[in-house]
Amino acid sequence: MTSTTLSPVPTAAPARVSGPAAARARRKRVLHWIAVHCVAIAVALLFVLPFVFVFLTSVMSDSQAMSGDLWPHAWHWENYKAVFATDGFLDWWKNSLLYAGLGTLFTVCSAIPVAYALAKFRFRGRRTAMILVISTMMLPPQVIVIPMYLVWAQQFHLSGTLWPLIIPMAFGDAYSIFLLRQFLLTIPKEYIESAKVDGCSELRTLLKIIVPMAKPGIAAIALFQFFYCWNDYFGPQIYAAQNPASWTLSYGLESFKSAHSVNWNLTMAATLLVMAPVCIVFFFAQKAFVEGVTLTGVKG
Amino acid sequence: MALTLSSPARRRLRTLGFLSPWLIGFSVFFAYPLIATVYFSFMHYNQIQKPDFVGLRNWKYVFEQMPLFGPALWNTLWLVVVMVALRVVFGLSLGLLITKIKTGAGFFRTAFYLPYLAPPVAATVAFVFLLNPSTGPVNEILAHVGITGPNWFNDAAWAKPSLVLLSLWGIGDLMVIFMAALLDVPREQYEAAELDGAGAWSKFRYVTWPSITPIVMFAVVTGVVQTMQYYTQALVAGKIASGVSIGPGSVIQPGYPDHSTLTVPQLVYSMGFQNFNTGAACVLSLVLFAIAMAVTMLLMRKRSGLLAAED
């Protein structure tokens, strides 16, 4: 009897069967609820605290940032101004936006027709083509970087710029093709067939029927590509390292730390400024993003 | 219209047209450089004088003499085994946890997911700060509860485990994939198992596990392929922790401390772009390529969903 009175969940309906067995089951449910949420809160803290510490350090004074203090004595918002005033910081932003913006545009435009053909056309060698796309996707970028660099540097004299990274994206990125194809497979054939009956050409069908229906898939590959370019460190290191005017935020951040070796506060402010755009984009496009991630693991 | 579409030659042309961006991209940015990598692996080439055929000398050098090849291969394999295993276990646990949360699921999902979005360089810089031995918040908090924290990124024995912590922080992608897979398990199967008196563990073992194995397999294989390429975090962590200022052109020994964070991709970079030993760098590239291809073959053979849903 005591167990019923102790239970924090009020008995809802009088019609419900009460008694020791029901009370035990209810108590078990409540305990389960508490346990799950306690674990969840603890894990969430571990995931969020790094951001909190980075932020708190970013507004400390120079001397306090070198101490072991966790909480700022005074809030030095001017640290952020100092980061923006750093030589080149605004150029890094511009370059990151150029690389990620153009790269995304090129990738999406080139991936759509290829993914459509791989998903909906029947032709000899389709399976082989898919295997090749997947192999390209799995290839570590370091495998082909040396001959590629030699071509861009010696034949086209484009080392020191971001163009060797942007131009290839106009020729289909394997990962985007693969993801978009997985998405296009879910569009029923009937839509394409009825468009053909109406006399649409293949290209018209793609642009007028498929692209509008595939918006979530296209949004997902666009987001992924934007993030990939924004986060890329290896590419800019290969092609832009010699020329600070071409550095991106991801590449510049590390040299920022080297230049301000003792100023953890400025480095943390810069770190947050590199993270911020990605997080903002995420909050606006959360659904497309989660959908895209799920798409990578689609089952057969 | 209908007449032209049915002509097979036209159809072939149409298919080629749609595929052309990728066909060009594949040959110019994949097939050519791959063949060139094989070619350069038999050449002595310092990127100034003409390449010079040297037979297997680069291969012998890499496997028999290159002092850093052993440590780099060991570190890469260590990371592949430990990081992938822990990420899969942790990602699956978080996926299970999130499907059990009844109140505030949206908040928790975002909190678990957000770190995955942090750009790798930024996340690494943040972790080197958080884990810095003398004044970092983590050791500061550990000291409060009476534990002397390790030297993390500044200790050869702790540098790789610190990188693993960093990768577990960014578990969001796996969590979402596992969450989706777990929500796909038919409810009725759990109810049937409950009627048979199955406990939590047997429900996981006999209902959940069989239906998510393809996704687990997928996570393991893509994890292995990603970790083979592990570069940015290891390089940045080593550089920042060492406090070495790196101007363009200056050559530093990678893999601080004591080569403990040196991975094979870093060795490719330092051979090819710092030592200008093109031949050795290409041999290392091909070693990476061989391992990545072997894993990919496994991925395509096993039922992991990549080639499935063909029609």
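Residues numbered from 1 in each chain as written. Chains lettered and ligands numbered in written order. Predicted model: local features only at pLDDT ≥ 70, side-chain atom pairs only at ≥ 80, totals over all residues.

**Observations concerning the overall build of chain A**
Threshold: Only DSSP runs of H or I reaching four residues or more are called helices, and only runs of E reaching two or more are called strands; each is numbered from the N terminus. Partly exposed residues are those whose C-beta has more than 12 but fewer than 20 other C-beta atoms within 10 Å; with 20 or more the residue is buried, with 12 or fewer it is exposed, and the C-beta atoms are placed from the backbone. Each residue gets a C-beta atom placed from its backbone, and two residues are in contact if those atoms lie within 7 Å.
Each helix and strand counted, chain A has 16 helices and zero strands in total. In terms of overall dimensions, chain A has C-alpha extents of about 85 × 70 × 35 Å along its principal axes. The proportion of buried residues among the 300 residues of chain A is 40%. Within chain A, counting contacts between residues at least 6 apart in sequence, those at least 24 apart form 71% of the total.

**Quick notes on the overall build of chain B**
Worth spelling out the cut-off: In this treatment the radius of gyration is a C-alpha quantity, and the globule benchmark scales as 2.2 Å times the residue count to the 0.38 power.
From N to C terminus, chain B includes 14 helices and two strands. Taking 19 Å as the expected radius of gyration for a compact globule of 311 residues, we find that chain B reaches 24 Å, considerably beyond that expectation. For chain B, the spread of C-alpha atoms along the principal axes amounts to about 80 × 75 × 35 Å. Contacts in chain B between residues at least 24 apart in sequence constitute 68% of all its contacts with a sequence separation of at least 6.

**With respect to the interface of chain B and chain A**
Selection criterion: For this classification, Asp, Glu, Lys and Arg are treated as charged, while Ala, Val, Leu, Ile, Met, Phe, Trp, Tyr, Cys and Pro are nonpolar and the rest, including Gly, are polar.
Across the contact, 83 residues belong to chain B and 77 residues belong to chain A. Examining the composition of the side of chain B that touches chain A, we find that 17 residues originate from one element, helix α2 (residues 8-40) of chain B, more than from any other. Considering only residue class, the side of chain B that touches chain A consists of 61 nonpolar, 15 polar and seven charged.

**A look at the nonpolar core**
Worth spelling out the cut-off: We call a set of buried Ala, Val, Leu, Ile, Met, Phe, Trp, Tyr and Cys residues a nonpolar core when their C-beta atoms link them within 7 Å.
In terms of nonpolar packing, the biggest core is built from 157 residues, with A:Ala115, A:Ile177, A:Leu180, B:Met175 and B:Leu284 touching the most fellow members. Take this core: its biggest share by element is 12 residues, from helix α5 (residues 89-120) of chain A. Ignoring any residue separated from it by four or fewer positions in sequence, one finds B:Leu284 in contact with B:Val62, B:Val264, B:Leu267, B:Val268 and B:Met271.

**Side note on the domain arrangement of chain A**
When the parts come together, some accessible area is lost, and that loss is often what is quoted as the size of the interface. Residue and element names in this part refer to chain A. Spelled out, the test is: Each domain's limits were defined by an automated method or a database of domain assignments.
We note that the domain assignment places domain 1 (2-58) and domain 2 (84-296) within chain A. Between domain 1 and domain 2, the C-alpha centre-to-centre distance is 42 Å. In this complex, domain 1 contributes four residues to the contact, which on the side of domain 2 involves six residues. Here the residues of the side of domain 1 that touches domain 2 sort into two nonpolar, two polar and no charged.

**What about helix α13 (residues 264-274) of chain B?**
For an α-helix the count is 3.6 residues per turn, leaving residues at separations of three or four pointing the same way. In terms of burial, α13(B) is largely enclosed, as nine of its 11 residues are buried. Taken residue by residue, α13(B) has B:Val264, B:Pro265, B:Gln266, B:Leu267, B:Val268, B:Tyr269, B:Ser270, B:Met271 and B:Gly272 as its buried positions. Turning to α13(B), the residues buried within the fold contact α7 (145-155) of chain A together with α4 (69-100), α12 (232-242) and α14 (278-301) of chain B. Remark: B:Phe276 follows α13(B) within two positions and exhibits a positive phi of approximately 55 degrees.

**A word on the UniProt feature "transmembrane region" (unreviewed entry) in chain A**
All names here are of chain A. What counts, and what does not: UniProt positions are given in the numbering used here, feature names are shortened, and annotations may be inferred rather than shown by experiment.
UniProt records the feature "transmembrane region" (unreviewed entry) at residues 34-56, 97-119, 131-150, 162-184, 205-228 and 264-285, using the numbering of this structure. Secondary structure across residues 97-119 divides into 100% helix and 0% strand, with the first and last C-alpha atoms of the span separated by 31 Å. The span residues 162-184 is 65% helical and 0% strand by assignment, and the distance between its end C-alpha atoms comes to 31 Å.

**Concerning the packing of helix α6 (residues 126-138) of chain A against helix α9 (residues 174-184) of chain A**
Residue and element names in this part refer to chain A. So the rule is basically this: Lines fitted to C-alpha atoms define the axes, with helix axes restricted to the stretch in contact, and inter-axis angles between N-to-C directions lie between 0 and 180 degrees. Our angle categories are set so that under 35 degrees counts as roughly parallel, over 145 as roughly antiparallel, 65 to 115 as roughly perpendicular, and the remainder as oblique. Crossings are classed by handedness, with left-handed meaning an anticlockwise turn of the near helix from the far one by less than a right angle and right-handed meaning a clockwise turn.
Where α6 meets α9, the axes come as close as 8 Å, and the angle between the chain directions of the two elements is 130 degrees. The angle between α6 and α9 falls in the class oblique. Seen from above, α6 lies across α9 with left-handed handedness. Across the interface between the two elements, Val 133, Ile 134, Thr 136 and Met 137 from α6 touch Ala 174, Tyr 175, Ile 177 and Phe 178 from α9.

**Notes on the UniProt feature "transmembrane region" (unreviewed entry) in chain B**
Residues and elements named next belong to chain B. According to UniProt, the "transmembrane region" (unreviewed entry) feature falls on residues 21-42, 76-99, 111-131, 163-185, 206-225 and 278-300. Between the end C-alpha atoms of residues 21-42 the distance is 32 Å, and the span holds 91% helix and 0% strand. Counted over residues 278-300, helix gives 100% and strand 0%. Its end C-alpha atoms are 32 Å apart.

**Quick word on the confidence of the model for chain B**
Residue and element names in this part refer to chain B. Operational definition: Confidence per residue, as judged by the predictor, is encoded in pLDDT with a range of 0 to 100.
Per-chain confidence: chain B averages 87 in pLDDT, with 92% of residues scoring 70 or above. Across chain B, the secondary-structure element scoring lowest on mean pLDDT is helix α1 (residues 2-6), at 50, and the one scoring highest is helix α8 (residues 156-169), at 95. Here residues 245-250 is modelled with pLDDT under 50, and outside its nearest four sequence neighbours on either side it reaches seven contacts, counting other chains as well. In the model output, the complex is listed with pTM 0.87 alongside ipTM 0.86.

**Considerations on the confidence of the model for chain A**
As a note on interpretation, predicted positions should not be read in detail where pLDDT is low. Residue and element names in this part refer to chain A. On average, chain A scores 85 in pLDDT, and the residues at 70 or more come to 91%. Within chain A, the lowest mean pLDDT, 37, falls on helix α1 (residues 2-6), and the highest, 96, falls on helix α8 (residues 163-166). When the criterion is pLDDT under 50, residues 1-15 qualifies, and its contacts beyond four places in sequence or with other chains add up to 13 contacts.

**Remarks on the packing of α6(A) against α14(B)**
Relative orientation of the contacting elements α6(A) and α14(B) amounts to 135 degrees, with a least axis distance of 10 Å. By the criterion of interaxial angle, the relationship of α6(A) to α14(B) is oblique. As α6(A) packs across α14(B), the resulting crossing turns out to be right-handed. Contacts between α6(A) and α14(B) pair A:Ile131, A:Ile134, A:Ser135 and A:Met138 from the former with B:Ala292, B:Thr296 and B:Met300 from the latter. A class-by-class count of the residues in the contact of α6(A) with α14(B) yields five nonpolar, two polar and no charged.

**Topic: unusual backbone geometry**
A negative phi angle is the norm for most residues apart from glycine, just as the trans form is the norm for most peptide bonds. Between B:Tyr256 and B:Pro257 the backbone carries a cis peptide bond, its omega angle lying at -10 degrees. Along the chain, B:Pro257 turns up in the loop between α12 and α13. The phi angle at A:His157 is positive, at roughly 50 degrees, despite the residue not being glycine. Structurally, A:His157 is set in the loop between α7 and α8. Phi at B:His259 takes a positive value of approximately 60 degrees, unusual for a residue other than glycine. With 21 C-beta atoms packed within 10 Å, B:His259 lands in the buried category.

**Structural notes on the environment of A:Ile112**
Residues and elements named next belong to chain A. Relative to the elements of secondary structure, Ile 112 occurs in helix α5. The exposure class assigned to Ile 112 is buried, which follows from the 25 C-beta atoms found within 10 Å. With 72 residues separating them along the chain, Ile 112 and Leu 184 place their C-alpha atoms 9.7 Å apart. Those residues within four positions of Ile 112 in sequence are excluded, and the remaining contacts are Leu 180 and Val 211.

**Focus on helix α9 (residues 172-183) of chain B**
Residues and elements named next belong to chain B. The test is simple: Multiply 1.5 Å by the residue count of a helix minus one, and that product is the helix's expected span.
When the terminal C-alpha atoms of α9 are compared, their 16 Å separation across 12 residues agrees well with the 16 Å that a helix rising 1.5 Å per residue should span. With 10 of 12 residues buried, α9 lies mostly within the body of the structure. When we look at burial in α9, the residues that qualify are Gly 172, Asp 173, Leu 174, Met 175, Val 176, Ile 177, Phe 178, Met 179, Ala 180 and Ala 181.

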